[in-house]
Amino acid sequence: PDSDPISTSKKPENPIRFLLEVLKKQKLYVLGHEAMRRMGTANVLIAGMRGLGVEIAKNVILSGVKSVTVQDEGLAEWMDFSSQFFLLASHLGQNRAMSSLSQLSALNPHVHVSAHTGPLKETLLQQFQVVVLTDSSLDDQKRFGTFCHSNGIKLIVADTKGLCGQLFCDFGEDFEVLDTDGETPASAMIDHITKADPGVVTCIEQRHGFVDGSTVSLSEVCGMTKLNSYGPVDIKVLGPDSFSICDTSSFSEYEKGGVATEVKNTKILKFKPLDEALVDPELLVMTDYGKMTKHQTLHLAFQALHGFVKRVGRLPKPRSQLDAELLVAMVTELNKVSQLDQLDEGVVQSLSFTACGDLAPVNAFIGGLAAQEVLKACTGKFTPLQQWLYFDALECLPEDGGEGEQLTESTCSPRGSRYDGQTAVFGSGFQERLGEQKYFLVGAGAIGCELLKNFALIGLGAGEGGHITVTDMDSIERSNLNRQFLFRSQDIGVREKQKSEVAAQAVRVMNPNMNITAHQNRLDPDSEQVYGHTFFMGLDGVAAALDNVEARVYLDGRCVQHQRPMLEGGTLGSKGHTLVVVPHLTESYGPAKTGSQNAIPLCTLKNFPHRIEHTLQWARDQFEGLYKQAAEHVNLYFRDAAGFLERTLGRGEAEALEVLGCVWGGVGGQRPQGWEDCVGWARRQWETLYNNDIAQLLHCFPSDQLTSSGLPFWSGAKRCPHPLTFDPNNTTHMDYVVAAANLYGQIYGIVGTRDCSAIRSILERVHIPAFTPKSSVKIHLTDKEMEEERESGNLDTGRLEELQKKLSSPPVNSAVLQMHPIDFEKDDDSNFHMDYIVAASNLRAENYDIPTADRHKSKLIAGRIIPAIATTTAAVAGLMCVELYKLVQSHRKISSYRSGYINLAVQYCVLSEPLGPHLLQITLGLVLGHGLGGLGGCPMMR
């Protein structure tokens, strides 16, 4: 209504065009086109702008809904500053929603953000598809819960009290889930299908990946062709490589081929309104199976807490025994109806002692989960929470007999400080200890930004003698903006604005007391002169916010060597994990696990692809070889010809022949002199890859070739290819030539064009040499054959000697001939990189009758994208900082720590005790309990 006190943020007058696209890209890889379309029409109300509310709002705005309205009648006070990261000291006494508006609006220029400073009313709620209540009374939750359920409005209730959190969802009577888990549909190649009732399908793969009750569609089946148009069929799994389908007894005989692909079915879920769900214990989703009784008790304790506030007019005072006794009595009364088998009074007492607390890490975790539920409500993508979830980190409290001050009402009382919400839980002495910490954060990307936010809010290293060192060698890219909320569009591409420096500046604004130094160093053996023994021994701990396993393993090894604890976390779309490494108490991250079992065999890529993943990997390899490695080799040759030749020949004749051939192509007569030469090269490349090479393969292995066993050679995973004929009017054919020619020109400094008419004119003058397959060519069927050939020395040594002679004296004008290697960049749609990958892959897929992939799917696979979304990174960083609380207090019980695994797509959260140290038997007969895995952490063994 017009009378409501709503203030609307001003949208940017001139949004940056690339930002209009980039903010969607990373989410697109996780959510998909349809979900993104639905999200772009959703209007969301978030009530309550304390720490939890602003965390949810931040994540939802970054995700890109149509509009977000934040509501709060309250005024900012010191207690809010322990977790409300958009409040400044100048906002004290001002409305929290209005104070947060400008910062929230700056997160995403596509989301209309407004503030509502009046009370919640049904007339306001009617304007939204999704309503989120935080910091609300139970009476309001019931009242608005009934209204929302009756009016088709999705309701989410989120709350945190100290070290405990609560989440509730009600998405109505008939909520349609389009995709339950977001996983890529499983598929398997078919080896045989019986003619029976039911028909039995045997797959080529040892594990087909289907489960009982899965629905699959069959395609590309030869002989029993009726299955190709049969439609989705329910299956029963018979074994890891077989399953039964429909009655095939009346179909034709199976001949060969076929692919079974999982069909994802929609699912209808029914939700109860909040007042009914309150009394249904079956709706409680566990996050820590060792705490089942605790969480059942918390369900009653949160209700009793609302009753306490209604009766007394405030939350229980920190460490007040009288208030705790009253809350225990109220929970006991509620249990007369609920009749829990076990009531954990200790949990109720701890909740009472800490309920006044407002902790950033707990808000980050619950806020990440809640924001993901908002996205599910908007899109129908992923399975929503049904319907209650509780979280507690009460093991963060001081251990019996542990270090630190005795917690009392006095030590936990507010002091008019930004840390009052944290002091209420841990006391003033712990706050001083936090401020004295010296931590090393490696990585300032998605998780790194969230960790720095939490560090600033909790005051890590913000006291006398404390310090944070953060290093990240990357600059800010467009794709960072939708999940790395410390960065803004104006930071992109500015040389002096490295991630670490911008992030450090941003958290200094959140907490002016932060002592933080930003570095731009890569953490590897080359930087050990900076991060050496003295540096590590001066640390209290390390946090790893890295995006690759190798770097994690290296950092873990450094922590092992110097006996320093490490916090580690990672995400993959909606999935995330956390690990805490405590010297001599838990296992370490450990050595890298080999990924060779998932590698695509080289012979498959080179000659026998059967999936689009194979053709995309082949296209990526082509890109790297043609436009990066070849140019790098030429430049190395120009820099030191004699040394380059010596090093190259030292790697073996096979590799030397390949590398020197590339170099001669870049310095000899094949070097292009202008744009027409680039187009001619691209056209000849097309002919070689998609016609000549395939013709040669079929010459060696004709379509009717039989194996030594008398079986068809082209069967199972081997798809029989066919050559393509170039057609300048075929879009994909021209896409390849345009992209390949432009990229070829770029490495030589030649300017190209996208003008297809001009390129077609040049193509008319390009001579394509006739090709005749050779019987002398050997094609390898396995990687082993390929390796044996390389080691056999059966090479063209004459050609190698010829290349050595030609390259023995570099050209005198080598500086002019320097080339420009190209690093693959997936996010710039104007640079021809993805144009080349998509066209090259789809043409090869056409050779082998493999279904092609659109640009979106191709980018996801070929770009090796690890999708990141704000909700998961926030939740993971929150869990990491919960473990940080324990490290700072020097907890010594392994039962106090938690490793975490979450999958927000299906609201799967498992927190478990980490594994203990390995026992190592050494030659002296002494048994060491080594908490950091391996001998690296034992000075005696080093």
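Preceding this paragraph is the structure being described.
Everything numeric in this text was worked out from a predicted model, so none of it was measured. (Residues numbered from 1 in each chain as written. Predicted model: local features only at pLDDT ≥ 70, side-chain atom pairs only at ≥ 80, totals over all residues. Heavy atoms only, no water.)

### Notes on the pattern of salt bridges
Inspection of the entire model under this criterion finds 35 salt bridges. One salt bridge in this structure joins R50 and D80, with 3.0 Å as the shortest N-O distance. One end of the pair, R50, is in the loop between β2 (43–47) and α3 (51–63); the other, D80, is in the loop between β3 (67–71) and α4 (96–106), and 30 residues separate them in sequence. Ionic pairing is found between E883 and K886, a salt bridge with its closest N-O pair at 2.8 Å. A residue pair is termed a helical-turn pair when its members lie 3 or 4 positions apart in one helix, as E883 and K886 do in helix α29 (residues 870–888) at three residues. Across this residue pair, the class does not change: E883 and K886 are buried. Each of R50, D72, E77, D80, R96 and D135 takes part in salt bridges that share partners, so that together they form one network. (Salt bridge = Lys/Arg side-chain N within 4 Å of Asp/Glu carboxyl O. Helix = DSSP H or I, 4+ residues; strand = E, 2+ residues; numbered from the N terminus. Buried < 20%, exposed > 50% of the residue type's maximum accessible area, 1.4 Å probe, protein only.)

### What to know about the packing of helix α22 (residues 675–700) against helix α23 (residues 731–748)
Geometrically, a packed helix pair is captured by the angle between its two axes and the distance between the axes. Their axes nearest at 8 Å, the elements α22 and α23 cross at an angle of 130°. In terms of axis orientation, α22 runs oblique to α23. Helix-helix and strand crossings are classified by hand; for α22 and α23 the assignment is right-handed. Contacts from W675, C678, V679, W681, A682, Q685, W686, L689 and Y690 of α22 reach α23 at H733, Y736, V737, A740, A741, N742, Y744 and G745. Considered class by class, the residues forming the contact of α22 with α23 number 13 nonpolar, four polar and no charged. (Axes fitted to C-alpha atoms, helices over the stretch in contact; angles between N-to-C directions. Parallel < 35°, antiparallel > 145°, perpendicular 65-115°, else oblique. Left-handed = near helix turned anticlockwise from the far one by under 90°. Contact = heavy atoms within 4.5 Å. Nonpolar A, V, L, I, M, F, W, Y, C, P; charged D, E, K, R; others polar.)

### Digging into the sheet that holds strand β25 (residues 899–903)
If you trace the eight strands from one edge of the open sheet to the other, you get β21-β20-β19-β22-β23-β24-β25-β26, paired in mixed fashion. The open sheet has two free edges, formed respectively by β21 (516–519) and β26 (908–912), since each of these has just one partner strand. In this sheet, neighbouring strand axes are inclined to one another by 10° on average, regardless of whether the strands run parallel or antiparallel. Across three bridges, strand β22 (residues 541–544) lies against strand β23 (residues 566–572) in parallel orientation. Paired with A544 across the strands is E568, a residue of β23. The strands touched by helix α15 (residues 499–510) are β20 (467–471) and β21; relative to β21, the strand with the most contacts, the crossing angle is about 165°. (Pairing = 2+ DSSP bridges.)

### Some points on the pairing of strand β10 (residues 200–203)
Only one face of β10 is covered, namely the face carrying V201 and C203; the face carrying V200 and T202 is uncovered. Hairpin connection between strand β9 (residues 187–193) and β10: a loop of six residues separates the two successive antiparallel strands. Strand direction decides the pairing type here: β10 and strand β14 (residues 242–244), joined by three bridges, are antiparallel. Bridge assignment links V201 to a residue of β14, and that residue is F243.

### What to know about α23
Along its 18 residues, α23 runs 26 Å from first to last C-alpha, staying within 8% of the 26 Å computed at 1.5 Å per residue. Counted residue by residue, α23 has 14 buried out of 18 residues, so it is predominantly covered. At the N-terminal boundary of α23, the capping side chain belongs to N730, with an oxygen 2.9 Å from the backbone nitrogen of T732. Directly after α23, the chain includes G749, whose backbone phi takes a positive value near 75°. (Expected span 1.5 Å × (residues − 1). Polar contact = N/O pair within 3.5 Å; in protein donor to acceptor, adjacent residues only side chain to side chain.)

### Some words on the pairing of strand β15 (residues 259–262)
Side-chain direction in a regular strand flips from residue to residue, so the side chains alternate between the two faces of the sheet. Bridge count between β9 and β15: three bridges; the pairing is antiparallel. Note on β15: the bridge partner recorded for M189 is V259. Sheet topology places strand β11 (residues 215–219) next to β15; four bridges connect them, and they run antiparallel. Paired with S217 across the bridge in β15 is T261.

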